[in-house]
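# Tertiary structure, described
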Amino acid sequence: MTDPISKGLLPEGFRDRLPPQAEAAADLLRTLLDRVSAHGYERVSPPLVEFEDSLVTRLSSARPQDLLRFVDPLSQHSLALRPDITAQVGRIATTRMAHIPRPLRLAYGGPVLRVRPAQVGPQREAMQMGAELIGSDHVDAVAELLGIALEALAAAGLSDMSVDLTLPDLVGTLAGGPWPITAALADMQTALDGKDAAALNALGAARYGTLIEAAGPADAALARLKALDTAGALDTRIAGLERLVATAAPHAAVTIDPTERHGFEYQTWIGFSVFAEGVRGEVGRGGTYLVRHPGGSEEAAVGFSLYVDGLVDAGLGASRRRRVFVPLGTDAALGAKLRAEGWTTLAAFTDADTPTRLRCEYALKDGELLKL
Ligand SMILES: N[C@@H](Cc1c[nH]c[nH+]1)C(=O)O
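Residues numbered from 1 in each chain as written. Predicted model: local features only at pLDDT ≥ 70, side-chain atom pairs only at ≥ 80, totals over all residues. Heavy atoms only, no water.

## Details of the overall build of the protein
Counting its regular elements, the protein contains twelve helices and 16 strands. Restricting the contact set of the protein to residue pairs at least 6 apart, pairs at least 24 apart contribute 65%. Surface accessibility of the protein: about 18600 Å² in total, with carbon and sulfur atoms responsible for 54%. Between the mean site of the 37 positive side-chain charges and the mean site of the 46 negative ones, the protein shows a separation of 4 Å. (Helix = DSSP H or I, 4+ residues; strand = E, 2+ residues; numbered from the N terminus. Contact = heavy atoms within 4.5 Å. Areas by Shrake-Rupley, 256 points an atom, 1.4 Å probe, with all protein chains shown as cover. Lys, Arg positive; Asp, Glu negative; His and termini not counted. Charge placed at Lys NZ, Arg CZ, Asp CG, Glu CD.)

## Structural notes on the environment of Leu79
Among the structural elements, Leu79 can be located in strand 4 (residues 78-81). Taking the C-alpha atoms as reference points, Leu79 and Phe51, 28 residues apart in sequence, are found 4.5 Å from one another.

## Let's talk about the sheet that holds strand 8 (residues 216-217)
Pairing between the strands of a sheet is mediated by backbone hydrogen bonds and can be parallel or antiparallel. Here nine strands make up an open sheet; going across it, the order is 1-5-6-12-11-10-7-9-8 and the pairing mixed. Of all the strands in the sheet, just strand 1 (42-43) and strand 8 have a single pairing partner and so form its edges. For strand 8 and strand 9 (residues 252-256), the ladder comprises two bridges, and the chain directions are antiparallel. Note that in strand 9 the partner of Pro217 across the bridge is Thr255. This element, helix 4 (residues 139-155), spans strand 5 (104-113), strand 6 (125-134), strand 7 (161-166), strand 10 (271-276), strand 11 (284-292) and strand 12 (298-307) of the sheet and lies at about 15° to strand 12. (Pairing = 2+ DSSP bridges. Axes fitted to C-alpha atoms, helices over the stretch in contact; angles between N-to-C directions.)

## Side note on the site of the ligand
Around the ligand, a shell composed of 14 residues is seen, among which Asp84, Thr86, Arg285, Ser305 and Tyr307 lie nearest. The separation between a nitrogen atom of the ligand and a polar main-chain atom of Gly303 is 3.4 Å. Ser305 is positioned with one of its side-chain polar atoms (N or O) 2.8 Å from a nitrogen atom of the ligand. In the complex, the protein chains occlude 98% of the 300 Å² of accessible area that the ligand would expose alone. For the shell around the ligand, the elements supplying multiple residues, two or more each, are strand 6, strand 11 and strand 12. (Near = heavy atom within 4 Å. Polar contact = N/O pair within 3.5 Å; in protein donor to acceptor, adjacent residues only side chain to side chain.)

## Focus: the nonpolar core
Counting 72 residues, the largest nonpolar core has Leu165, Tyr208 and Phe304 as the members making the most contacts within it. Considering every element that reaches this core, the biggest residue donor is helix 4, with eleven residues. Counting 17 residues, the second-largest nonpolar core is a separate cluster that includes Val89, Tyr108, Tyr289 and Ala301. (Core = buried A, V, L, I, M, F, W, Y, C linked by side-chain atoms within 4.5 Å. Buried < 20%, exposed > 50% of the residue type's maximum accessible area, 1.4 Å probe, protein only.)

## Focus: the UniProt feature "binding site: L-histidine" (unreviewed entry) in the protein
According to UniProt, the positions carrying the feature "binding site: L-histidine" (unreviewed entry) are Asp84, Ile85, Thr86, Arg114, Gln128 and Glu132. Turning to its location among the elements, Arg114 is positioned in the loop between strand 5 and strand 6. Leave out the neighbours within four places in its chain, and Arg114 touches Asp66, Leu68, Pro83, Asp84, Arg124 and Tyr307. A distance of 2.6 Å separates a polar atom in the side chain of Arg114 from the backbone oxygen of Pro83. Examined against the element boundaries, Glu132 turns out to sit in strand 6. Excluding its chain neighbours within four sequence positions, the residues that come into contact with Glu132 are Tyr41, Thr86, Val89, Leu104, Arg105, Leu106, Tyr108, Tyr289, Val302, Gly303, Phe304 and Ser305. Within the structure, the side chain of Glu132 is placed 2.9 Å from the side chain of Thr86, a separation counted as a polar contact. (UniProt positions renumbered as here; feature names shortened; annotations may be inferred.)

## Describing the pattern of salt bridges
The tally for this structure, following the rule as stated, stands at 20 salt bridges. Across the pair Glu144 and Arg105 runs a salt bridge, and its minimum N-O distance is 2.8 Å. Residue Glu144 is found in helix 4, and its partner Arg105 is found in strand 5; the two are separated by 39 residues along the sequence. Given the relative accessible area of 25%, Glu144 is considered partly exposed. (Salt bridge = Lys/Arg side-chain N within 4 Å of Asp/Glu carboxyl O.)

## Here's the deal with the packing of helix 1 (residues 21-38) against helix 4
Between helix 1 and helix 4, the shortest axis-to-axis distance is 9 Å and the interhelical angle comes to 140°. The orientation of helix 1 relative to helix 4 falls into the category oblique. Viewed along their axes, helix 1 and helix 4 form a crossing whose handedness is right-handed. Taking contact as the criterion, the partners of Thr31, Leu32, Arg35 and Val36 in helix 1 are, on helix 4, Ile148, Glu151, Ala152, Leu153 and Ala155. Grouping the constituent residues of the contact of helix 1 with helix 4 by class yields six nonpolar, one polar and two charged. (Parallel < 35°, antiparallel > 145°, perpendicular 65-115°, else oblique. Left-handed = near helix turned anticlockwise from the far one by under 90°. Nonpolar A, V, L, I, M, F, W, Y, C, P; charged D, E, K, R; others polar.)

Put into structure tokens, the structure is as follows:
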């Protein structure tokens, strides 16, 4: 009989991080947060668990069926594990930090959990870090966030990045203005999500097919968007896209997919995804959105989240600390001096401890450092 507990098995979608990957994950998180903090984003640390209702209603990011939920035996309240920290930052910004002058720049890093994997692969727990600017969704603010995301990822060791820009509320904006539709908006969006021109024709909305055709490398996509007859409804969005292409282009290849909404359930006029060579799935994503105050008023915001696990799996953040074997009886001050210089020391307790067993590439011998 298989006994998952005594074998140390974990529930599906969860894993242990072992050395050296656990260290790499912590290093990467530190590097990313340091970059964000250098731009004035102050760290907040919301809890892993909240009232289910609070997570579901604050942003349309989480449907109840996507949340890992449970009833708190103490209070009998329905609680849920957070699937995304952005909603929690929104809660903090509109309640406990509502009186702080805007723009409010906040950063965070910690685990998030979902019922179903959010990223490529089977994992249901992910390490999310990010930054949110509350009080503006102006293109200047978006450019700041996009630039910081790319800067932080470069500092973490990523190269060969690409950025995909999208306009999550584009279809709604066109449908409510210059391109009226007879079909239901939800049906239109399903057809566009599937890049299904035939379905658009059947819905009597063939011209929305031109938006699918506009997707591609930034320059060509911008030219196609500018050629659309939208009675000026897209002018500010196109100007915004041009500005963001200019922000990202020095660091990444840029594409535009005007109708892509997957993963942008709560973003408004702009969304972006970051990918990188050698990393499976999205490295991160962000965009503009609205946070709701307790009185019902809404405030514009922009932010991004980066997913650290893909970077770890790609081999980034590996420690370059060198391990030195410190033989039995060595003066403690010698080890302390090496550690102060950035070495990792491994002290022998018995004669059976050898450099090989302790996985050291260096050893102290008669007070001298030897490469083995
Ligand atoms: N939290 C979002 C990205 C985001 C942050 N801020 C705005 N959008 C996500 O992980 O998909």
